[in-house]
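Commentary on secondary and tertiary structure
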Amino acid sequence: MSYKPLEEVKQRLERLGTYELNEEKFVEVAECVLKEEEPIDRLIEGYHQLLDEVSNEMKQMDGHMGMTPTCQMGCAFCCYFPIIITRLEAKMIIRSIESMNEKRRQSIKAHLKEYFEVNKGNVEYCTTLDFQNEDVKLDYMKAQLPCPLLNTETNTCMAYESRPLPCRTYVNYMDPKFCEDHLVPEETVSFEFLYEDYMGNLNEIAQEVAHEDETVKYPEDLFEYNYLPAFLKEWIQREE
Ligand code: SF4
């Protein structure tokens, strides 16, 4: 299979300058889920639907640029990156796991319990790295700590449908070897600019829901950032 050279990918990425983001769709999702029955359902539904919208926009942009990501199932080099999210998003991921069928839920919990025992020292090291530091990605990658939700036998995500925004917006359009050969490859692309519409609308929903559901703390949950492993460790320890 032949892959696009860097110069061509760069040229195609410039086409994003003429792409019109459908911001209305994000607002529509927020307005629509706010009509759901239970407050917490609105938030979980909003979380998933806004993320789906992010994935949808990315597909549209791919079409606009005439490129397709070379990322494939079973390729998980990016699942060793630091995933930094808010406490609100962590709560949504945990709630999604809790709402899975018994077998899947128990299997994830057992996996996480073992993960935090086996990787104790590495988790401690990685989750105390200052994520404001510009070298954090490289330092974290050097530790080669897999994401707690990565099944390292199949290289697949155990909570794929609930994976957070950083996992969805990181893309390679070139040879996947770049990800294999470099801890922090420069050839990959991050669609982080989608964060604003996603988080802005999740914020709107959280604000409404917090009035009625005391497990959602507004705005505290939205302003507390941490590593995904730190949030999951806290949850699993609470469960014990
Ligand atoms: S949440 Fe899933 S997709 Fe994201 S880093 Fe973890 S294993 Fe990978």
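In the block above lies the structure referred to throughout.
Just so we're clear, the structure is a prediction, and the values are computed from it rather than from any experiment. Note on numbering: residues in each chain are counted from 1, in written sequence order. Restriction of local features to residues with pLDDT of at least 70 applies here, the model being predicted, together with a cutoff of 80 or more for giving and counting side-chain atom pairs; totals for whole chains, interfaces and linings are based on all residues.

Turning our eyes to something else, we now look at the overall build of the chain. In terms of regular secondary structure, the chain is built from 12 helices and 6 strands. For 240 residues, the compact-globule estimate of 2.2 N^0.38 gives 18 Å, and the C-alpha radius of gyration of the chain, at 18 Å, lies within 12% of that figure. Structurally, the chain occupies a C-alpha span of about 50 × 45 × 35 Å along its principal axes. The burial criterion counts other C-beta atoms lying within 10 Å of a residue's C-beta, which is placed from the backbone; the residue is buried at 20 or more, exposed at 12 or fewer, and partly exposed between these limits. Within the chain, buried positions represent 25% of all 240 residues. Working definition of a contact: two residues with C-beta atoms, positioned from the backbone, lying within 7 Å. In the chain, the proportion of contacts linking residues at least 24 apart, taken out of those at least 6 apart, comes to 74%. Put simply, DSSP H or I for four residues or longer makes a helix, DSSP E for two residues or longer makes a strand, and each gets a number counted from the N terminus. For this measure, only C-alpha atoms enter the radius of gyration; the expected value for a globule follows 2.2 Å times N^0.38, where N is the number of residues.

Turning next to the packing of helix α6 (residues 120–127) against helix α12 (residues 228–239). At a minimum axis distance of 9 Å, the contact between α6 and α12 shows a crossing angle of 125 degrees. As far as their axial angle goes, α12 and α6 are oblique. Of the two possible hands of crossing, α6 and α12 adopt the one that is left-handed. Between α6 and α12, the contacting residues are Val123, Cys126 and Thr127 on the first element and Pro229, Ala230 and Lys233 on the second. In this analysis an axis means a line fitted to C-alpha atoms, helices contributing only their contacting stretch, and an angle means the value between N-to-C directions, from 0 to 180 degrees. Oblique is the label for any angle not covered by the other classes, which are roughly parallel (under 35 degrees), roughly antiparallel (over 145) and roughly perpendicular (65 to 115). A clockwise turn of the near helix away from the far one marks a right-handed crossing, whereas an anticlockwise turn of less than a right angle marks a left-handed crossing.

A few words now on the nonpolar core. To define a nonpolar core, we join buried Ala, Val, Leu, Ile, Met, Phe, Trp, Tyr and Cys residues through C-beta atoms within 7 Å and take the resulting set. Within the largest apolar cluster, 40 residues are counted, with the highest numbers of intra-cluster contacts made by Leu43, Tyr47, Leu50, Tyr198, Ile205, Ala206 and Leu228. Of all the elements in the fold, those that place two or more residues in this core are α2 (23–33), α3 (39–65), α4 (87–98), α5 (102–118), α6, α8 (165–169), α10 (195–210) and α12. Broken down by element, the residue count for this core peaks at 6 residues, all from α10. If near-sequence neighbours (up to four positions away) are discounted, Leu228 is found in contact with Ile83, Ile85, Ala90, Cys147 and Pro148.

Note that Phe131 resides in the loop between α6 and α7 (136–143). The residues touching Phe131, leaving out its near neighbours within four places in the chain, are Pro82, Ile84 and Val136.

Once that is clear, we can look at the site of the ligand. Being near a molecule or strand means, for a residue, that its C-beta atom, positioned from the backbone, comes within 6 Å of it. Close to the ligand lie Cys79, Ile83, Cys147, Leu149, Leu150, Cys157, Arg163 and Cys167, which account for all nearby residues. As a working rule, the residues Ala, Val, Leu, Ile, Met, Phe, Trp, Tyr, Cys and Pro are called nonpolar, Asp, Glu, Lys and Arg charged, and the rest polar, with Gly in that last group. The class makeup of the residues in the shell around the ligand is 7 nonpolar, no polar and 1 charged.

Moving on, we come to unusual backbone geometry. Of all residues except glycine, most have a negative phi; of all peptide bonds, most are trans. With an omega of 0 degrees, the peptide bond running from Tyr218 to Pro219 counts as cis. Mapped onto the elements, Pro219 comes out in the loop between α10 and α11 (220–223). Even without being glycine, Gln144 reaches a positive phi, approximately 50 degrees. When you line up the elements, Gln144 lands in the loop between α7 and β2 (150–151).

Okay, the packing of α3 against α4 next. At a minimum axis separation of 10 Å, α3 and α4 run at an interaxial angle of 105 degrees. In terms of orientation, α3 and α4 fall into the roughly perpendicular class. For the pair α3 and α4, contact is made by Leu43, Ile44 and Tyr47 and by Met92, Arg95 and Ser96, respectively. A per-class count over the contact of α3 with α4 returns 4 nonpolar, 1 polar and 1 charged.

Without other data, these values stay purely geometric and don't point to any function.
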